[in-house]
Amino acid sequence: MKVLVLNCGSSSLKYQLFNMEDETVLAKGLVQRIGIDNSYLEHKPGDKPKVKIEAEIPDHHKAIQMVIDALLHDEHGVIKDMSEINAVGHRVVHGGEAFADSVLINEEVMRALEANIELAPLHNPPNIAGIKVCEKLMPGVPQVGVFDTAFHQTMKPHAYLYGIPYEYYEKYGIRRYGFHGTSHRYVSKRVCELMGIPYEKAKIITCHLGNGASVTAIDGGKSVDTSMGFTPLEGLLMGTRSGDLDPAIIPFLMNKENMTPADIDNLLNKKSGLLGVSGISNDSRDVEEAASNGNERAQRALEIFNYRVKKYIGAYAAAMGGLDAIVFTAGIGENSISTRAGILEGLEFLGCKLDPERNNVRGKEALISTDDSKVKVYVIPTNEELVIARDTKEIVEKL
Ligand code: ADP
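Residues numbered from 1 in each chain as written. Predicted model: local features only at pLDDT ≥ 70, side-chain atom pairs only at ≥ 80, totals over all residues. Heavy atoms only, no water.

1. Remarks on helix α13 (residues 337–344)
Every buried residue of α13 is listed here: T339, R340, I343 and L344. Buried residues of α13, viewed axially, fall in a sector of 120 degrees; they line one side. Tucked into the core, α13 has its buried residues touching β9 (203–209), α10 (284–292), α11 (296–320), β12 (325–329), α12 (330–335) and β14 (376–379). Remark: G346 follows α13 within two positions and exhibits a positive phi of approximately 90 degrees. (Buried < 20%, exposed > 50% of the residue type's maximum accessible area, 1.4 Å probe, protein only. Helix = DSSP H or I, 4+ residues; strand = E, 2+ residues; numbered from the N terminus. Arc of directions from axis to C-beta. Contact = heavy atoms within 4.5 Å.)

Right, dumping it as structure tokens:
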């Protein structure tokens, strides 16, 4: 079975074509600047070199058509006929309370997705557009939706409700949903395989530290709490997002700086975090470099980043009443040796001891705690696309 995995953003689209017999990636690529000028597609077929195709790409229809053309191309294509694509798996950001698992897309699911637009106004519309375009370009090919929020639907009310009048949960669905669920699910299962322990019995904290970042507590294979909330803004300090803050800061700043709700939304989502505190960049590599050259604001930004992750680890160990393993994943978690060391410093009381030599690793699966560390710490590269392809195969095989 061949599965095309699509991740449609508002101005970009990432894809991977999997051969599910051996889970190999036949081709992958991305379309950039959809609906803007200078748009292009970058396509990487298997072992062959990358090709870049520049074109006017006004919408997702054209973008997906170009992906299909690239997959079928005489020279850089990897399939001979469109019928070789047996199924399409879509990453969908917000499934709201309607979806606790991946689902086969049908009319009812589409209605539920449309109803969730209000919860993810930037993310869900391009996801929906991608599904509709595939229905047109590949009629009859089954499509599956895999939700960023689904894994966290196991949280109990005490973890997902906010302390505001209950009627706003009922009226608007204001609650914690959590995101990055596909990644937290993948690395938490994988760490149990590596440790040889049953997923159903393990207490795990997964730290997905990328440009967007979140921590999740997984008890017995179920997400019991996660740091992102109603939107991805809550929790850790991120590349450009503030994470947790006193909500009273919002009206205070709006008054002082004469800001509209849209201004404050933009400030907290796009201009805060590592970028806002350091004044240098949202990219942790740039901030790390400036910090090592003595830039104090860059140092503060990294200290806040590490401190927040540490606080969540402590909180979630308490929430679960124990801890077997901590996993680091995504761009920063997989690659930043100093960030991992900074986060774990002082957690020896929890039974967590980092081995500095083992920690000297980037971008590959590795145990980084000492042999006598009660809590095992691992680096595990995430692979959300593979999870989407696996879920898609599983659902489509049952049809
Ligand atoms: P997202 O998918 O949320 O955009 P990523 O998971 O790609 O984010 O992570 C991006 C972050 O990872 C950036 O802050 C970047 O600096 C960091 N990162 C990527 N590679 C490295 C590396 N080799 N060393 C340190 N940080 C890295």
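2. As for the sheet that holds strand β7 (residues 103–104)
Spatially, the eight strands line up as an open sheet ordered β5-β4-β3-β2-β1-β6-β8-β7, and their pairing is mixed. This sheet does not close on itself; its edge strands, each paired only once, are β5 (51–54) and β7. Together, β1 (2–8), β2 (13–19), β6 (87–92), β7 and β8 (143–147) form the strand contacts of helix α14 (residues 384–397), whose direction differs from that of β6 by roughly 130 degrees. (Pairing = 2+ DSSP bridges. Axes fitted to C-alpha atoms, helices over the stretch in contact; angles between N-to-C directions.)

3. Structural notes on the UniProt feature "active site" (unreviewed entry) in the protein chain
According to UniProt, the "active site" (unreviewed entry) feature falls on D148. Relative to the helices and strands, D148 is located in the loop between β8 and α4 (157–160). D148 sits in the buried class, given a relative accessible area of 2%. Those residues within four positions of D148 in sequence are excluded, and the remaining contacts are R91, V92, V93, G178, F179, H180, G181 and T182. (UniProt positions renumbered as here; feature names shortened; annotations may be inferred.)

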